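The lines below spell out each chain.
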Amino acid sequence: MNGSASLDTGAGNKPWRIGLWVAQILLAVMYIPSGIMKLTRPLAELAQQMAWTADLPQLVRIAGTADLAAGLGLILPALTRIAPRLTVWAAVGATVLQIFAIVLHASRGEFGVLPINAALIALQLFVIWGRTKKAPIAPRH
């Protein structure tokens, strides 16, 4: 096999493989910087950008760890083909994370961010479906 075809198994056609990689990369680009920011920035600085962080400081570092794990999990297992099924589980975990985020934001009246949460869930469901049914990635042997 050659190039990107060596990453995806079966006869999954190229547009699906490209679309799934684009979704995975977009999600990683959202989650990795968010995780790093929540893990490294002072809480007072974060509170200026995200109001919830001032009221729930104990949750900030947990959310940062979850964001970073999701972002890395959506890319690294698929890219290395070492346990690529973990990419699907990372998308499942990120979906659960976003459901919790929706509950948190809705309970605080922060409805303006809900479309972002919904868009992330949609991309993650696409990755779950696509990497399970349409273009799974074969593990390295």
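This report concerns the structure included in the present document. Keep in mind that what you see is a predicted model, and the values were worked out from it rather than measured.

Parameters at a glance
Residues numbered from 1 in each chain as written. Predicted model: local features only at pLDDT ≥ 70, side-chain atom pairs only at ≥ 80, totals over all residues. Heavy atoms only, no water. Helix = DSSP H or I, 4+ residues; strand = E, 2+ residues; numbered from the N terminus. Buried < 20%, exposed > 50% of the residue type's maximum accessible area, 1.4 Å probe, protein only. Contact = heavy atoms within 4.5 Å. Areas by Shrake-Rupley, 256 points an atom, 1.4 Å probe, with all protein chains shown as cover. Lys, Arg positive; Asp, Glu negative; His and termini not counted. Charge placed at Lys NZ, Arg CZ, Asp CG, Glu CD. Salt bridge = Lys/Arg side-chain N within 4 Å of Asp/Glu carboxyl O. Phe/Tyr/Trp six-rings, centres within 6.5 Å; stacked < 30°, edge-to-face > 60°.

### A few points about the overall build of the chain
- Within the chain, the secondary structure is distributed over 6 helices and 0 strands.
- Secondary structure elements of the chain occur, N-terminal to C-terminal, as α-α-α-α-α-α.
- In terms of overall dimensions, the chain has C-alpha extents of about 50 × 25 × 20 Å along its principal axes.
- Classification of the 141 residues of the chain by burial places 38% in the buried group.
- Sequence separation of at least 24 residues holds for 66% of the intrachain contacts in the chain that already meet a minimum separation of 6.
- In the form shown here, the chain has an accessible surface area of approximately 7700 Å², with 72% of it arising from carbon and sulfur atoms.
- For the chain, the separation between the mean place of its 12 positive charges and that of its 5 negative charges on side chains is 17 Å.

### A word on the pattern of salt bridges
- Enumeration according to the criterion identifies 4 salt bridges in this entry.
- For Glu45, the salt bridge goes to Arg41, with nearest N and O atoms at 3.3 Å.
- Of the charged contacts in the structure, one is a salt bridge between Arg108 and Glu110, with a shortest N-O distance of 2.8 Å.
- Beyond isolated ion pairs, a larger network of salt bridges with shared partners links Asp55, Arg108 and Glu110.

### Some points on the packing of aromatic side chains
- Inspection of every chain in the model, using the stated rule, returns 3 aromatic pairs.
- Residues Trp16 and Phe126 carry aromatic rings whose centres are separated by 6.1 Å and whose planes lie at 40° to one another, so their mutual orientation is tilted. Separated by 110 residues along the polypeptide, Trp16 in helix H1 (residues 14-40) and Phe126 in helix H6 (residues 114-134) bring together distant segments of the chain.
- Summarising the aromatic geometry, the rings of Trp16 and Trp129 are spaced 5.1 Å apart at their centres and angled 70° between planes, so their arrangement reads as edge-to-face. Residue Trp16 is found in helix H1, and its partner Trp129 is found in helix H6; the two are separated by 113 residues along the sequence.
- Assessed through its relative accessible area of 38%, Trp129 is described here as partly exposed.
- Cluster of aromatic residues (ring-pair linked, three or more members): Trp16, Phe126 and Trp129.

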